Structures are given as structure tokens and as C-alpha cells.
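# Fold and geometry: a report
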Amino acid sequence: MSSFDFDAAVTAPFRMQPGLRRLPGGAAQLTPAAGPGSRHLREKLAVLSAFWPQALVRREGFDDTPALDALCAHAAVEHPAAWRWDRERADALRLGARVTRDGRVTQTAAGRFGLGDEVARCLQGLPPDWRRAGLLALAFDEDLALLDAAGRTAWFAVSLPSHWAPQAKLDLDFAALHAPVADRALVVQAGPGLLQLARGPARWERFVWNVTGHARLHAHPAHADPTRWPDGAATEFPSAAWWRTERQTFLPLAGADALAFTIRVDVQPLAAAIDTPARAARLHAAIGSMSPAVLDYRGLTPVRDALLGWLGSR
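Residues numbered from 1 in each chain as written. Predicted model: local features only at pLDDT ≥ 70, side-chain atom pairs only at ≥ 80, totals over all residues. Heavy atoms only, no water.

## Thoughts on unusual backbone geometry
Among all residues except glycine, the phi angle is most often negative; among peptide bonds, the trans geometry is most common. The peptide bond linking alanine 12 to proline 13 adopts the cis configuration, its omega dihedral lying at 0°. Its place among the elements puts proline 13 in the loop between helix H1 (6-9) and strand E1 (21-22). The backbone of aspartate 171 shows a phi angle near 65°, a positive value even though the residue is not glycine. Along the chain, the position of aspartate 171 falls in the loop between strand E8 (153-157) and helix H6 (174-177). Relative accessible area serves as the criterion here: at 32%, aspartate 171 is assigned to the partly exposed category. Backbone geometry places arginine 228, a non-glycine residue, at a positive phi of 70°. Tracing the backbone shows arginine 228 in the loop between strand E9 (204-212) and strand E10 (242-253). (Helix = DSSP H or I, 4+ residues; strand = E, 2+ residues; numbered from the N terminus. Buried < 20%, exposed > 50% of the residue type's maximum accessible area, 1.4 Å probe, protein only.)

In C-alpha cells form, the structure reads like this:
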């Protein structure tokens with residue numbers, strides 16, 4: 001089930017802005033993997049098995065142990081049926097895999113797809129000091145990032161990026177992190193206040209969306225077509241179009257002097273996501289109000305007219 005709130009996220013006139021919303025009390029920030037054959041888990045397994053250094057990135061000298069301990073503890077409280085942490089062993093109960101603090105991997109139950117040991121074999125292929133983070137990344141749909149006390153990016157476990165490379169985002173402050181964003185003035189201006197809010201007692205979420213020609217959850221620029229749209233996409237609307245969304249949340253980590261940032265990506269066929277006239281009208285108004293710079297940044301310039309035409313017909 002998608003955690004994306006369409007009505008809250010899709011607004012007109014469109015503006016690049018933080019768009020924070022307070023989380024209701026008790027709302028979850030992590031989403032347990034639906035099971036060994038779930039889409040998020042399959043794509044994360046493929047990434048971490050084939051090119052984990054592009055997904056698991058740590059700034060030299062950064063000690064991630066306190067933050068990872070806090071993340072494991074949060075996951076255990078939020079989802080005790082999916083995750084267990086006793087400060088020495090992390091158990092992904094739905095995946096049948098365990099990792100100890102020193103990186104030893106144990107398969108505790110057979111998986112229910114493939115050969116049954118995919119998760120354990122994937123973790124064995126990681127360096128020991130990344131295996132616990134790898135298990136956490138596989139046990140939940142969300143990708144994870146850590147900001148240090150100064151608000152600079154220090155650590156990523158991001159297997160499903162939306163056309164950005166974690167390596168290129170390491171050790172950046174908020175303004176530098178958003179430097180490529182079109183019409184970014186409101187976002188950068190809000191940065192200091194946003195980080196102050198995120199470190200406070202309240203929990204916050206925000207939503208990001210786009211229409212894309214890329215069907216996979218994983219969209220690292222080293223593995224995704226940089227043109228964004230296949231040839232002829234504008235004449236094949238909407239069969240070649242996908243609705244890509246993110247739900248992002250902020251999680252202060254007690255005792256770690258760090259802030260965690262969660263990202264849950266989802267991708268659906270555009271026609272399935274925009275399934276009512278009201279949604280079509282709302283999206284038409286948002287895209288119709290985008291500046292040329294934003295359209296270029298989001299890769300929508302080649303299909304803008306076709307997309308607006310299709311939405312108008314809905």
C-alpha cells in the first residue's frame with residue numbers, strides 16, 4: 001500500500017518548497033517489507049548484491065554505531081513483529097536473517113522465494129561493518145540517510161535513489177544538497193528552520209512526486225537512462241508513463257547526536273495512480289503551472305504537452 005498522500009502533495013500553483021506536515025501521534029515512520037518476494041525487497045537485494053558500494057556510503061571518520069543502534073531500537077519499538085534488537089543481535093523476523101553487532105550473519109528461517117537464502121547470501125557479500133545496516137535496509141521499504149550534528153550528510157543506505165547518486169551527496173549541508181534543484185530559493189531559505197524543526201520533539205513528513213518514463217524503483221544515474229523517456233513516449237501516453245512518489249520523514253536519534261531521514265519510494269503505472277477525474281484535474285493544474293526550469297529539472301519538458309492532453313481528457 002502506498003504511503004503517499006496525493007491530496008496533500010499535489011497542489012497548484014506548483015512551488016518547490018519543503019511542504020512539511022506534522023505526523024499524527026503513533027504514526028509509523030518505517031514500513032516493514034511485505035515479505036521475501038516483495039518488490040522493494042527484490043530490487044534492494046539486487047542492488048546490494050551487485051553494486052552495494054553505490055548504495056552504502058559513509059563519510060570517512062564518521063562513527064555510525066550510535067545512530068545505527070538508535071535506528072535499530074526505533075524499528076524494534078515501532079514494528080516488534082518485524083524487527084528485534086537486543087543491543088547485540090538484530091533480527092529481521094519476516095526475512096529469517098540475523099546480524100550480530102560484530103557482523104556475523106545467521107539464517108534463522110528459510111525464505112519463501114528463490115533458493116530461500118537470498119537475504120543471508122546478500123549480507124555475507126557485504127563488509128562486516130555494513131551488514132547490520134544492510135539487514136535494516138532489507139527489512140524495511142525505506143531508504144535511510146544520516147545527518148550529523150552540523151546538519152551535513154554523513155551516511156547513506158540508499159538502494160532506490162530517484163536519479164541521484166549517494167556518493168555525490170556525501171558531506172553536504174542543506175543548501176549544497178539542494179543546489180541542483182530548480183527554483184530552489186524557498187527550499188534553501190527554509191533549510192535552517194526545517195532542520196531545527198526536524199530535531200525537535202515533533203515528527204514530520206513530506207511528499208515528493210513526478211511523472212517518469214522509468215519503471216523501476218531503483219534509479220541510480222549509473223543504471224538509469226539519462227534521457228528519462230523512451231523514444232516515442234509522447235505518442236504512447238500513458239502506457240509509457242509512471243507515477244513516482246516518495247514519502248520522506250525525519251527522525252531525531254536520541255543519544256546519537258544525529259538526524260535520520262527516511263525515504264519510501266513507490267512507482268505505479270500513471271493510469272492506475274490517476275484514476276479519478278479529480279486527481280487528473282489536480283495533476284493537470286500542478287504540471288500546467290510548473291516553470292520551464294522545473295519542467296527541465298523533472299525531465300517533463302519532452303512530454304509536457306502529451307501529459308497535459310491526456311490529463312485533460314480524463
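Resuming the write-up.
## Digging into the pairing of strand E7 (residues 143-147)
Most of E7 sits inside the fold, with five of its five residues counted as buried. By the alternation rule, side chains of E7 split into Asp143, Ala145 and Leu147 and Leu144 and Leu146, which are all buried. Two elements, E7 and strand E11 (residues 258-269), share five bridges in a ladder whose sense is antiparallel. Its bridge partner being in E11, aspartate 143 is matched across the sheet by isoleucine 263. Where E7 and E8 come together, four bridges link them in antiparallel fashion. In the strand pairing of E8, alanine 145 is matched with phenylalanine 156. Connecting the antiparallel pair E7 and E8 is a turn made up of five residues, with glycine 151 showing a positive phi of about 85°. (Pairing = 2+ DSSP bridges.)

## Some remarks on the pattern of salt bridges
Close approach of charged atoms allows side chains of opposite charge to pair. One pass over the full model with this rule turns up 21 salt bridges. Two residues, arginine 304 and aspartate 305, come together in a salt bridge whose shortest N-O distance is 3.2 Å. Judged by its relative accessible area of 26%, arginine 304 is partly exposed. Since its relative accessible area comes to 59%, aspartate 305 is described here as exposed. Each member of the salt-bridge network shares a partner with another, and the members are Asp69, Arg87, Glu88, Arg101 and Arg132. (Salt bridge = Lys/Arg side-chain N within 4 Å of Asp/Glu carboxyl O.)

## What to know about the environment of leucine 197
You can see leucine 197 is positioned in helix H7 (residues 185-198). For the pair formed by leucine 197 and arginine 84, sequence separation is 113 residues and the distance between their alpha carbons is 29 Å. Here leucine 197 is in contact with Leu20, Ala202 and Trp204, once residues within four sequence places are set aside. (Contact = heavy atoms within 4.5 Å.)

## Considerations on helix H2 (residues 39-50)
The end-to-end C-alpha separation of H2 is 17 Å, in line with the 16 Å expected for 12 residues at 1.5 Å each. Three or more residues of H2 are buried, namely His40, Leu41, Glu43, Lys44, Leu45, Val47 and Leu48. Buried-residue contacts for H2 involve strand E2 (56-58), helix H4 (118-124), helix H5 (131-139), E7 and E11. (Expected span 1.5 Å × (residues − 1).)

## Some words on the packing of H2 against H5
Two numbers describe how H2 lies on H5: the axes approach to 9 Å, and their chain directions differ by 155°. It follows from the interaxial angle that H2 and H5 lie roughly antiparallel. Listed contacts from H5 to Leu41, Lys44, Leu45 and Leu48 of H2 are Gly134, Ala137 and Leu138. Partitioned by chemical class, the residues of the contact of H2 with H5 number five nonpolar, one polar and one charged. (Axes fitted to C-alpha atoms, helices over the stretch in contact; angles between N-to-C directions. Parallel < 35°, antiparallel > 145°, perpendicular 65-115°, else oblique. Nonpolar A, V, L, I, M, F, W, Y, C, P; charged D, E, K, R; others polar.)

## A look at the packing of aromatic side chains
With the rule as written, the count across this model stands at nine aromatic pairs. On the basis of an interplanar angle of 80° and a centroid distance of 5.7 Å, the ring pair of phenylalanine 14 and tryptophan 209 is categorised as edge-to-face. Of this pair, phenylalanine 14 sits in the loop between H1 and E1 while tryptophan 209 sits in strand E9, placing them 195 residues apart in sequence. Among the aromatic residues, those joined into a cluster by ring pairs are Phe4, Phe6, Phe14, Phe207, Trp209 and Trp243. Above the ring of tryptophan 130, the side-chain terminus of arginine 58 is found at 4.3 Å from the ring centroid. Sitting over the ring of tryptophan 209, arginine 298 keeps its end group 5.1 Å from the ring centre. (Phe/Tyr/Trp six-rings, centres within 6.5 Å; stacked < 30°, edge-to-face > 60°. Lys NZ or Arg CZ within 6 Å of the ring centre and 35° of its normal.)

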